[in-house]
Every structure is written in structure tokens, then in C-alpha cells.
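Coordinate analysis (summary)
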Amino acid sequence: MRDHIEIKGARVHNLKNIDVLIPHKKFTVITGLSGSGKSSLAFDTLYAEGQRRYIESLSSYARQFLGKLDKPETDYIKGISPAIAIEQKVTSNNPRSTVGTSTEIYDYLKVLFARAGRTFSPISNQEVRKHQVSDVVNFLKKQKDGERAMIMCPLPGMKKYGTERELEILKQQGFVRLWINGEVLEINDIIENITKNNSKISLDDAFLIIDRITIKPEDEEFDSRISDSIQISFVEGGGNSAIYLGNELYHFNNRFELDGMEFQEPSVHFFTFNNPVGACKTCEGYGKVIGIDKDLVIPIKHLSVFDDAIVPWRGESMSKYKNKLLTNASKFDFPVHRPYIDLTEEQQELLWTGNKHFEGINSFFKMVESNTYKIQYRVMLSRYRGKTTCPDCKGTRLRKDANYVKIDGKSITELVLMPIDNCLKFFQEIKLSEFDQQISKRILPEIINRLGFLNEVGLGYLTLNRQSNSLSGGESQRINLATSLGSSLVGSMYILDEPSIGLHPRDTERLIKVLYKLRDQGNTVIVVEHEEDIMQAADEIIDIGPGAGRFGGEVVFQGTHKELIKSKSLTAKYLTGKERIEIPDKRIVPKHWLKIKGANLNNLKNVDAEIPAYALTCVTGVSGSGKSTLIKDILYPALQNADGSRTVGSVNYESITGYLEAFGNVQFIDQNPIGKSSRSNPATYVKAYDDIRELYSKQPLAKLRNYTPGFFSFNVDGGRCEVCEGEGEITIGMQFMADVHLKCEACDGTRFKMETLEVNYREKNIADILQMDVAEAVTFFGEGKTAIEKKILDKILPFQEVGLDYMQLGQSSSTLSGGEAQRVKLASFLYKGKSSKNSVFIFDEPTTGLHFHDVAKLIMAFQALIREGATIIVIEHNMDVIKCADYILDMGPEGGINGGKLVFSGTPEELAKEKDNYTGKYLKEKLVVGKK
């Protein structure tokens, strides 16, 4: 059908032979319980078929290198467009990849600076210009009609062959006269004079006369004649030309120099840190070098110089450097009693560079380096070495002189270090000359559009210099979304995996506008999503269910949002309030607190925060407000080091005090995969697979064949399939596309050899066990009578408690979403049970990929941990979790440099009463409908 993508009989994974019509050029949301089959429909069916058809459209020569892609298990798919998948994955591990390069904005900036940039001397701040032939022509045309002038050039040396020989060469080239000290002399006469009188003539101040002219500004031939002569003068004069006019000598040169410095002419490569021409020579374009790490030298920023902030200057022998500074500090008014963090940038820099009164830290380490033949100095140097910002380019990766090139007063490095929202404002208000406007009329709109898209998807707080591999999955996905918008593709099918992850509800509204733009360009937008606001904005909603895993895989509803809330699906029940996540009857009133004072890192501005023990605390705020910095980068290392058992590089807070007994064992549970190997799976993560292997090694056939538990492992040689090495699939690396995974033909995806699969337990071989979902496995092992089966059951039961009963025991960890990986980790802690007492669990957006029904289960799991004596801290935007918290820390008020403050701390009810608070505004609605 022309207006729809038609899927007939989809049977991928748990999909139950479903038929779906997805409208073209519309915004469609696929929703449903976690594990119901949303991703199977969107990515494993639609996107996989789009990718397969693209490969089949290539030449037969190209296809032979790509392998054969399996067709998704369907009867047919009609009306499919070219497919683009935007997933929650940090796609680049290249240390040189930045937000600017991945969005192509930096490519446009390079072209803009190469064409319209003006070079300014760092000495006089004057513009560096080289004279063109046209500049000299224009100068002459401005003179009086009929005036006489001479076009000349200085003689370049006259040293190579001697004066007489050089003059002979000039004569042979057709030149006739020289101008020496105001006199015009014939070259023949000079040569004759040297020959006859054997005299030595100095030609240091001599000029070669190229042409003698009468100025005729209106004459058309005048331009072409003098242009040729001026060009010759530049060539013969080694870049210098001179005009003698009205007893005055005017100098011109076409070399790019000023104030005795020669400058590099701007080009695209000059601004490319991936190219040897533009890369900083010290760090080779990486922005970081192995050097003296400032955070190791001054780890505790709240100490003063007097209180031994500078660690290497402690002790008897090295304290002389500190004492010299203390003795002479009054001579240059240096505040030795002021904490390092409170010093101005100039004062901090002075500590490192030093002056005539004291040796700086840099000089001290040069001394240490010069003495590395002594072992104590080598040990000292190794203690303070680390990956640190390049001292030459300050982390911007470009050579220093690239900063001399500016547009409207800003260099390219200043722009890439600005927050994107400020950078956008600069380009919107940029002032250019008429000539530069013409040059950049095609480039500027591209830069402004792309910066605008990044700002619209809630990433205005990032900088273009930010490394791609330091972004979260949600940020990476939204950057890909903004890049797709910038490329202006039409007629494509975009499939997005929960783009609202990491977004405050305020920013979700802006995201919806971006998705509308993508649709309005003529694309089909398909989004796997649970966010209520995005569902409401969709043109079409497909609800997959009714349950998860084998209980899902059916289309329970398709239609508009208005039609959905009239239906009887589980999603509709939560949207209408028939089912809801209840607010706790009583919130925990904390008795014990942890207090962090003076947190100061990234954009945090001396934040003081209190966190209750044995309670659920939510840390909220708009994207980029400083939530992760406070919890992940300050609190987590601080708790790890609270007992002094670990050493941390830098202490970016003044003090941590309070009831530390409750914050003993700290666990940071993020969305990173549960294992680095693709063979890692949920059963191996909770150690249930060890017991399963032991169970199979005790079966009669296994004993007969001497199979040990190791024989049933797919990590070592033995019982595993050696073709795929226990992976179950073969991975084909693509140079210009995502890698393709094909089922291993030798073991048919089971991962094991035939003889391994011959060992059965209650009519199931080990591959059958790994293919069971959690619900099936709980039933299977629950019916068992042996102690080992009880052990297996105890380990897998927590998966059910966190809503993962649809997940296969042997599902590869690489196929789990960030939210699923997080809940697998949570399940492992639930299994440990009593050991959770006095533990701290820090979760980074655990509702990723969760339906309302799953969020309810997650909150119950949190409450179970708290009952065991745990403290839970959650970085979250989901209002259902926030409304169930006992305590809230709200960061803001904005993102980036405008954030980094604690704008509120207290209960959800107190936050809802706050005026002009973004979180409070959205929380208020939830508290009203969430009451019993």
C-alpha cells in the first residue's frame, strides 16, 4: 500500500504472527510492557529488512564481502523505506571524535574560518594581510591622472654569483635600469664602471626598475599592463614590491607577515586536528598528554598553600619550595591562607608558573625530571603522572596559531569551548563585512540550523569540543537525531529507541517538536517509547502485549491517543488512572544524614547537600544541571574512600560528615552492559549458570563420558561449538554500516556441540535451559526437589521481582537495553538479601525502557532493599519514581554553566509547592492523580 508499511505474519522472537500497518510520513509510537516485542517489531523486523534490502541493492561484487543477511521471519513486508536506526548507544570510541565532528558542525566551521577568517597578530592585535596585485593596482588607480611612477622591487641579495654576474643575469632577462639612492642608473653603465675601474658597488639599497608608467585610471589597457609588471616585481623581489611616486617610496609585500612574525595562511587543514597540518604538535590532536596531573599534585582543593595543598611540597626536604613561597608571598600579594579553589585563575596559574620570588610547581617538576637517575625522584615523578590536559592547546587539540584567526572577535577554539546555546546565539548575531557575508551565505545557515537542532533536543549545555565517548547513551542518541535533521533526508524511515531517556519533562516538549520536524520533512518516524507526553503527541500508537516474553508479541491496540485511552489495554489503564503507581502511605522520616560540603567540580558551584540514610532519595533537575557530577563524580568516590581504604585522585569537596555507618558498602548501578563478553548473559551474571553446569555434569550420561562442569561452558574449549566459539552467531564486520550478526550454521545458534546436547535433565538439554525465559525457568526449577535446583531458583527469582520474567536466561548481555542491564544488577543485589544492610545503591536512570507496570515493580524492589537496611539514591526524571521518593534533591536552575546549584531539597509535597521550579511543576500533577 502506498500510504503504509505493511507487515504480514511477523514471527521474529516472541511476535505471534502479527499483521501491522504503519502509516508513511507519520509519527508512530510503539509501546507496551518491557519484553512485549516492541524492539522485535521496530528493530529486528522493520530495520533489519530495510538494511537487508539496502545490501541487496548493492553490486554483486560488493555483496560477496557482506555475507548473506537473514530475512526477518515474516510472510512479507511491503512499502518499506530506506531505514535509519538511532539507538541508545555511544557509537564512537575514537578519542578524536567530538560533538562537533560527529554532527558535522566542525566541518562547516573549518570552511568558514578558512574562507572568512581574519588573522590578527598577537603582538599588535593588527590584522595580518598580504598585498595582492589588485591592492597595488587599486593604489595606482587612485593617483592623479598623468602622474609619473616607477614599478620596482628590491634586489634579493646579489650574493650567489657576485655583483657583476648577477647584473649580467638581470640584463639577459631584459631588465635595463636600477634605482639607487634616488638615481636611475643603466645596468650597462654599472657593469662598465665595475669592469673599467674595478670598483665595488653596494647594491644593498638598490631597486630593480620593472616598468616606468604614466597613470591613466580611465584607460582599459592600463590595468592589464601594470598588473603584469606588478606581478613580475613580486616574483623578482622575493615577495616585495615598491612604487616610486612623487618622490615617495611605497612598499608592498605578498608575504603573510606582521610585527616580524610570519603567519600561516588559513586553510581547511589548518583547523583540522585530525590532520598533521592543524594538530597541536604536543598532543598530536588528542587534547591530552601524559604529564603532571594537577589533580594528583593538588588533590584537596579546599586546602590553602599554607595548609599543604601542594602534596609534593610536604615533608622535610621538599618543604623548602613551600617555605620560599610563604616567605616571599607578601612581595607580590599572594594569599597563602586562602583555599586553592577560591584563588583566581591568575593566582592558580602563578602557583604553577612561578615568578622571580619563588619557583613554580612546573619548575619543581623539571628539577625532578632532571634527577630521574635517582630512584626516589623516579618514584616521586610516577606518583604525580597521569593523563592531563595538553598545556599547549589547553585541550582544544589545535595548534596555537590557529587561535590568531578570528571571525567577529572569536577564534575557532573559543567557539568549540562555548556551550552550544551560547554558540548558537553568537552565530545568530554575528557581524560580518559585505564581502564575508557573500563568502559565508551558504555555510552560516548550515551551522545555525545544526546548532539549533542540538539546542532543541536539550543539548544546549554541551560544548562542540566534548568527546563523543564521554556522552551518555541518551545524549549520543539525541546527537544522532540532530545530525539526521541537519542532513535533511526525505522519504526515509527513522526508528528511534526511547529518545526521551535522560530528558527532564521540560526538555521532552522540545524533543517532540524535533520529531515533528523530522516527520514534516517527509519521513516516517517510528519511536519505541513509554513517555506519556510523547505518546500523546503521536499520530499513531501501536501497543504490543498483553504481557511480556511468551505472554506478549501481539498487537493489543492500534490507533490514536484518544482511541487508546478508551481501550482496555494495560497501557490505557495507566494513562487513564484505572491502574496507577501509588504514592506511599507514609514517607520515611530520616533520622540519620550524610552531609557533603563544598562540592565543586565541572559546573557545581560549592554545593552543600544532605542525603538521608535508610531512605529513597531522588536527584532531579533539567539535563546538564549537575546531577551526575554531584552523585557519580563526587558522592560515589567520596563514599568509596570514606574509610581511607582506597585512594582517589582528587577530592572535589570540602568535607563529608554525618552518619557514615549507614553508607558502608557502596554500589553504583549504571546502564553499562553486565559483561564485556558477548557470551555474558543474565544466568552467568548471577552465578546461576555455575550451578546449572554442575547439575548437568551429574547426569548419568555426563558421568559416563567424564564431562566436568567446565565441559558445559561456552567460554572454554570442550563442549562448546568451535565454529562460533560459543557465541551462537557469526559477526560480519561492515566497513560503512553496523556489524551484521548471522546465526551459526554449525550449531544452529545453540552454542554447543551435538554430543553436549545429548545430555538431558528432565527432557531438557543445556541449550533448552538457556533458551527458557525467567518465568519458564522459575516453574521448571521450582518443580525440582534437589538442593542444587533450589540454589538455581533462589538466584533467578529476583529477576521476576524486578519485572524481567520475559528475559531469556542465556540472552546475550549485548542485546539487553540499558534499563534491563541495570535491573539485572539490581536482581543480583536482591538475591544477596541480608547483605544489603548498611549498603548504598546509586542508580542512574533505572526506569530506562520501563513501562508504567514495570516502574511499579521497580519501586517495590527499591522498597524491599530499604527494608533490608539499604540506602537508595536515584538519578531520575521519571515523575512516578520521584513522587514515591522520601527525599528529593533538585539541581538547576538550568543546564551547563547556568546550572550546578542545589535549588531545592525536601519531600515531594514540599517541592510541588515551589514556584518557578521545573520539576515541581510536573510533580504537582502526579501527586494529585497518584493519591489513593
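Please refer to the structure higher up on the page.
Here's a quick rundown of the structure. Owing to the predicted nature of the structure, the values given are computational and were not obtained by experimental measurement.

The rules we used
- Residues numbered from 1 in each chain as written.
- Predicted model: local features only at pLDDT ≥ 70, side-chain atom pairs only at ≥ 80, totals over all residues.
- Heavy atoms only, no water.
- Salt bridge = Lys/Arg side-chain N within 4 Å of Asp/Glu carboxyl O.
- Helix = DSSP H or I, 4+ residues; strand = E, 2+ residues; numbered from the N terminus.
- Buried < 20%, exposed > 50% of the residue type's maximum accessible area, 1.4 Å probe, protein only.
- Expected span 1.5 Å × (residues − 1).
- Axes fitted to C-alpha atoms, helices over the stretch in contact; angles between N-to-C directions.
- Parallel < 35°, antiparallel > 145°, perpendicular 65-115°, else oblique.
- Left-handed = near helix turned anticlockwise from the far one by under 90°.
- Contact = heavy atoms within 4.5 Å.
- Nonpolar A, V, L, I, M, F, W, Y, C, P; charged D, E, K, R; others polar.
- Core = buried A, V, L, I, M, F, W, Y, C linked by side-chain atoms within 4.5 Å.

Comments concerning the pattern of salt bridges
Counting across every chain of the model gives 47 salt bridges. Note that Asp-211 is salt-bridged to Arg-225, the shortest N-O span being 2.8 Å. A residue pair is termed long-range when its members are at least 10 positions apart, and Asp-211 in strand E10 (residues 206-214) and Arg-225 in helix H8 (residues 220-236) qualify at 14 residues. Residue class for Asp-211 comes out buried when judged on its relative accessible area of 13%. Across the pair Lys-825 and Asp-670 runs a salt bridge, and its minimum N-O distance is 2.9 Å. On the criterion of sequence distance, the pair formed by Lys-825 in helix H31 (residues 818-832) and Asp-670 in the loop between strand E29 (665-669) and helix H24 (682-685) is long-range, its members being 155 residues apart.

Some words on helix H23 (residues 627-640)
In this model, H23 (14 residues) spans 18 Å end to end at C-alpha, consistent with the 20 Å of a helix rising 1.5 Å per residue. Those residues of H23 not exposed but buried are Lys-627, Thr-629, Leu-630, Ile-631, Ile-634, Leu-635, Ala-638, Leu-639 and Gln-640.

Let's talk about the packing of helix H29 (residues 774-782) against helix H30 (residues 787-801)
At a minimum axis distance of 9 Å, the contact between H29 and H30 shows a crossing angle of 150°. When the axes of H29 and H30 are compared, the pair comes out roughly antiparallel. Handedness of the H29/H30 crossing: left-handed. When H29 is examined against H30, the residues Val-774, Ala-775, Ala-777, Val-778, Phe-781 and Gly-782 are found in contact with a partner set consisting of Glu-789, Ile-792, Leu-793, Ile-796, Leu-797, Phe-799 and Gln-800. Taken together, the residues that form the contact of H29 with H30 break down as 10 nonpolar, two polar and one charged.

Here's the deal with the nonpolar core
Counting 143 residues, the largest nonpolar core has Leu-109, Phe-427 and Phe-781 as its most contacted members. In contact with Phe-781, other than residues within four places in its own chain, are Ile-692, Leu-695, Ile-769, Glu-789, Ile-792, Leu-793 and Ile-796. Counting 31 residues, the second-largest nonpolar core is a separate cluster that includes Leu-170, Ile-191, Phe-222 and Ile-243.

Concerning the environment of Gly-782
Residue position: Gly-782 is located in helix H29. C-alpha of Gly-782 to C-alpha of Leu-793: the two residues are 11 residues apart in sequence and 6.5 Å apart in space. Those residues in contact with Gly-782 that lie beyond four places of it in its chain are Ala-777 and Leu-793.

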